[in-house]
Amino acid sequence: MPAASPSSLPLVSIITPSYNQARFLEATIRSVLDQGYPRLEYIVVDGGSTDGSLEILRRYESRLAAWVSEPDRGQTDAINKGFALATGDILAYLNSDDTYSAGAVAEAVTYLQAHPEVGMVHGRAVYIDADGRPVARFPSAPTNHRDLRRGAPRIAQQAAFFRAAVWKMVGPLDASFFYAMDYDLWVRISAVTPMAFVPRMWAGFRLHDESKSMTVARQCWPEMMRVHFRDGGSVFSVLFVKYLVRRVVEPVIPLRMRWRRLRYRLENRQRPQGSLPNGR
C-alpha cells in the first residue's frame, strides 16, 4: 500500500466488461474488491447476461460504484461505457474471466505517483486455466511506441494501468475492433506518453474453451494491420513481414503455448498446486 493517508491517494477506476461469464465473474470481482486499496471505484458493465451473472452482481452491488446490464455492441463498447462513467485519476479494465494478483493496484499507484512523467504502467501476468491454476507466464517486457509499431506489444492488458488524463487524450476505444482494441490503445497511448514496465506479478490471464484467446486469436493480426495502415504504415515494414510470416506458421502457433506451459511447469515444480506466483 502506498505510504499515504487514504484521502491523499488517487482514485482508481476499474471497469469489468462482461457477458454470460457467471462461471468466472465472481472470482474477477473478488480479485478487485479484495485489493485492499482504499480509493477504488469499481464498475461492471454487463451486456444483458442470462446465465446467473445478475445474481452475482446483485450480491456485490453494495461494494460496486455502479453496474449495468443491458444489450451492447460487445466488449469494446462495454469498456467505453464503463470509462464514460468513471471518475478516477487512474484507469484500468479487467475482463470478467481474468483476475488481479494481491496488491497489484497499490503497486501500480505507487509507481505512477513516483513517476509523474509516465502515463501508463504495466506489470507481469500469468496464464491461468479454467480452475484458476497458473499454467504459463505471459511474455511481458518493456516496450515503447517503436516496438509496438514493429509488432512487439509485450503488454498484458490485465496488468495495465493508465492515467485518466491520457485516456482523455486518446480514448475511446475503437468499437470496430473485436480483438486488437488493446493493441490499438497501446499504440495511441505510447504516441503521447512514456510507458513503464514493473517486473511484478499483477494479474491472471485466464485461458478457457470460450475465451477469445483460445477461439479467435487469429483475428488479432489482421486488426493490428488495420492500425498499422491507419497510422501510415507501409508494406515495407517489420510489422507487415511479421504478419506474412504469421499467416504461414499459423497452424503451428499452438505449439508455442505448449512450450510455455512446459517451461512454466519445469520452472515452478516446487510451488503448491493452484497458487499464483508472487513478485517476479
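Novice: Now, about the overall build of the chain: what can you tell me, with residues and values included?
Specialist: Of regular secondary structure, the chain possesses 11 helices and 9 strands. Over its C-alpha trace the chain gives a radius of gyration of 18 Å, about what one expects of a compact globule, namely 19 Å for 280 residues. Seen through its C-alpha atoms, the chain measures out along the principal axes to roughly 50 × 40 × 40 Å. Here the analysis covers contacts within the chain between residues at least 6 apart in sequence; of these, 76% occur between residues at least 24 apart. On the chain, roughly 13,100 Å² of surface is accessible, and the fraction owed to carbon and sulfur atoms is 53%. Across the chain, the centroid of the 36 positively charged side chains sits 9 Å from that of the 27 negatively charged ones.

Novice: Go over the side chain of R163 with me, naming the residues and quoting the values.
Specialist: Mapped onto the secondary structure, R163 falls in strand β8 (residues 160-163). Here R163 is buried and forms no salt bridge, its nearest opposite-charge partner E117 lying at an N-O distance of 6.5 Å. Within the structure, R163 has its side chain in polar contact with the backbone oxygen of V118 (distance 2.7 Å). Leave out the neighbours within four places in its chain, and R163 touches D89, I90, L112, H115, P116, V118 and G119.

Novice: Which residues make up the environment of V121, and what are the values?
Specialist: Here V121 is to be found in strand β6 (residues 120-128). Since its relative accessible area comes to 0%, V121 is described here as buried. Sequence separation between V121 and F229 is 108 residues; the distance between their C-alpha atoms is 26 Å. For V121, the contacting residues outside a window of four places in its chain are A108, Y111, L112, A159, A160, F161, A196, V198 and W202.

Novice: Would you mind going over the packing of helix α1 (residues 22-33) against helix α2 (residues 53-60) in detail, with residue names and values included?
Specialist: The description of two packed helices rests on the angle between their axes and on the distance between the axes. Orientation of α1 relative to α2, taken along the N-to-C sense of each, is 20°, at an axis distance of 9 Å. In terms of their interaxial angle, α1 and α2 are classed as roughly parallel. The two elements α1 and α2 meet at a crossing, and its hand is right-handed. Residue-level inspection shows A22, L25, E26, I29, R30 and L33 of α1 in contact with α2, the latter providing S53, I56, L57, R59 and Y60.

Novice: Tell me what's going on with the pairing of strand β3 (residues 66-69), and back it up with residues and numbers.
Specialist: The pairing of strand β2 (residues 40-46) with β3 spans 4 bridges and is classified as parallel. Bridge pairing in β3 places D46 opposite S69. The parallel pair β2 and β3 is bridged by α2, and the resulting crossover is right-handed.

Novice: Please provide a residue-by-residue account of α1, values included.
Specialist: Counted at 1.5 Å a residue, the expected span for α1 with its 12 residues is 16 Å, and the 17 Å between its end C-alpha atoms agrees. Considered for burial, the residues of α1 that qualify are A22, F24, L25, T28, I29, S31, V32 and L33. Buried positions along α1 lie against β1 (12-18), β2, α2, β5 (99-100) and β9 (195-206).

Novice: A description of the nonpolar core should follow, citing residues and the corresponding values.
Specialist: Within the largest apolar cluster, 47 residues are counted, with the highest numbers of intra-cluster contacts made by I14, Y100 and F161. Sequence-distant contacts of F161, defined by excluding residues within four places in its chain, comprise I90, L91, A92, Y100, A104, V105, A108, L112, G119, M120, V121 and W202. Counting 37 residues, the second-largest nonpolar core is a separate cluster that includes L173, A180, Y183 and M195.

Novice: Can you break down the packing of helix α9 (residues 220-230) against helix α10 (residues 238-249) residue by residue, with the values?
Specialist: Axis separation between α9 and α10 bottoms out at 11 Å; the angle between their running directions is 160°. What the angle tells us is that α9 and α10 run roughly antiparallel. At the point where α9 passes α10, the crossing takes the left-handed sense. Facing W221, P222, M224, M225, H228 and F229 of α9, the residues of α10 in contact are L239, F240, K242, Y243 and R246. Partitioned by chemical class, the residues of the contact of α9 with α10 number 8 nonpolar, 1 polar and 2 charged.

Novice: Summarise the packing of aromatic side chains; cite the residues concerned and give the values.
Specialist: Taken as a whole and judged by the stated rule, the model has 11 aromatic pairs. Note on Y127 and F138: the rings are 5.7 Å apart at their centroids and 55° apart in plane angle, and the pair reads as tilted. Of this pair, Y127 sits in strand β6 while F138 sits in the loop between β7 (134-137) and α5 (145-149), placing them 11 residues apart in sequence. Consider the rings of Y127 and F205, whose centres lie 5.0 Å apart with planes at 45°: the pair is tilted.

Novice: Break down the environment of R256 for me, with residues and values.
Specialist: Residue position: R256 is located in helix α11 (residues 253-267). Between the alpha carbons of R256 and A27 there is a distance of 28 Å; along the sequence they are 229 residues apart.

Conventions used here
Residues numbered from 1 in each chain as written. Predicted model: local features only at pLDDT ≥ 70, side-chain atom pairs only at ≥ 80, totals over all residues. Heavy atoms only, no water. Helix = DSSP H or I, 4+ residues; strand = E, 2+ residues; numbered from the N terminus. Rg over C-alpha atoms; globule rule 2.2 N^0.38 Å. Contact = heavy atoms within 4.5 Å. Areas by Shrake-Rupley, 256 points an atom, 1.4 Å probe, with all protein chains shown as cover. Lys, Arg positive; Asp, Glu negative; His and termini not counted. Charge placed at Lys NZ, Arg CZ, Asp CG, Glu CD. Buried < 20%, exposed > 50% of the residue type's maximum accessible area, 1.4 Å probe, protein only. Salt bridge = Lys/Arg side-chain N within 4 Å of Asp/Glu carboxyl O. Polar contact = N/O pair within 3.5 Å; in protein donor to acceptor, adjacent residues only side chain to side chain. Axes fitted to C-alpha atoms, helices over the stretch in contact; angles between N-to-C directions. Parallel < 35°, antiparallel > 145°, perpendicular 65-115°, else oblique. Left-handed = near helix turned anticlockwise from the far one by under 90°. Pairing = 2+ DSSP bridges. Right-handed = clockwise from strand over helix to strand, strands pointing away. Expected span 1.5 Å × (residues − 1). Core = buried A, V, L, I, M, F, W, Y, C linked by side-chain atoms within 4.5 Å. Nonpolar A, V, L, I, M, F, W, Y, C, P; charged D, E, K, R; others polar. Phe/Tyr/Trp six-rings, centres within 6.5 Å; stacked < 30°, edge-to-face > 60°.

Interpretation note: all reported values are geometric properties and have no functional meaning in isolation.
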